[in-house]
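Summary of structural features
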Amino acid sequence: MRATAFARVLFCAVLVSLAALIALIAGCGPDVRGSMALSSGDYTQALALYNEALAKEPESLPLRQRVGVTYFEMKAYPQAEAVFQDILQRAPGEPNALFYLGLSHLGKGEREAGLDLLEQYRWPGKFYHQTYVREEAKRLRKHPEAPPLEAIRSLQEALELGIKEQRKLEIETGFIRN
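Residues numbered from 1 in each chain as written. Predicted model: local features only at pLDDT ≥ 70, side-chain atom pairs only at ≥ 80, totals over all residues. Heavy atoms only, no water.

Quick word on the overall build of the chain
Helix and strand counts for the chain come out as nine helices and zero strands. Mapped in sequence order, the helices and strands of the chain form the string α-α-α-α-α-α-α-α-α. Going through the 178 residues of the chain one by one, you find that 36% of them count as buried. In the form shown here, the chain has an accessible surface area of approximately 10700 Å², with 60% of it arising from carbon and sulfur atoms. (Helix = DSSP H or I, 4+ residues; strand = E, 2+ residues; numbered from the N terminus. Buried < 20%, exposed > 50% of the residue type's maximum accessible area, 1.4 Å probe, protein only. Areas by Shrake-Rupley, 256 points an atom, 1.4 Å probe, with all protein chains shown as cover.)

Here it is in structure tokens:
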């Protein structure tokens, strides 16, 4: 008897939570819904929602970044490259666009062009971000046998490690608070 009552309460709680989630999602803008679609792997939906958001905010660099990353995740490297080049026209030196432009070159099989960009990668004020990426690009140049997707993954991991090390340094030096 108690198990049945508990099951009913649990079921009701799940329904209420689901209803709240649906209400929350319905109230989100297309940019947030696009990010949710991207994180769930629904790239077509993500692009549609990001483009809807861009229609309202055509100068938004963060939205353009998300469109580029979506194309990149789809392995549509020429489209990703075009988006990141557009961002760099609007914001020269933008670090995320530079990084993904280099990765897009690698994805397209343009290894030398990609590694050239990434060996010169700059992120002002973020020493470890740029150092880890540059060093990994140099290492990959010595290993031409590494397949493009493996090279992309190792560069993404290098950036993630650089971000962690930079954050650790900033916390230790009191530059930011944890």
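Topic: the environment of His 129
Looking at the secondary structure, you find His 129 in helix H8 (residues 127-141). Exposure remark for His 129: the relative accessible area of 5% places this residue in the buried category. With 38 residues separating them in the primary sequence, His 129 and Arg 167 have C-alpha atoms 9.9 Å apart. Leaving out residues up to four positions away in the same chain, His 129 has contacts with Tyr 121, Trp 123, Leu 159, Gly 162, Ile 163 and Gln 166. (Contact = heavy atoms within 4.5 Å.)

Some details on the side chain of Arg 64
Note on placement: Arg 64 falls in helix H4 (residues 61-73). Taking the relative accessible area as the measure of exposure, Arg 64 reaches 16% and is therefore buried. Leave out the neighbours within four places in its chain, and Arg 64 touches Leu 54, Pro 58, Val 83, Asp 86, Ile 87 and Arg 90.

Notes on helix H5 (residues 77-90)
Across its 14 residues, H5 extends 20 Å between first and last C-alpha, which sits within 8% of the 20 Å expected from 1.5 Å per residue. By the burial criterion, the buried members of H5 are Tyr 77, Ala 80, Glu 81, Val 83, Phe 84, Ile 87 and Leu 88. End-on, the buried residues of H5 take up no more than an arc of 165°, which puts them together on one face. If you follow the buried residues of H5, they end up packed against H4, helix H6 (95-107) and helix H9 (148-172). (Expected span 1.5 Å × (residues − 1). Arc of directions from axis to C-beta.)

These values are about where atoms sit, not about what they do.
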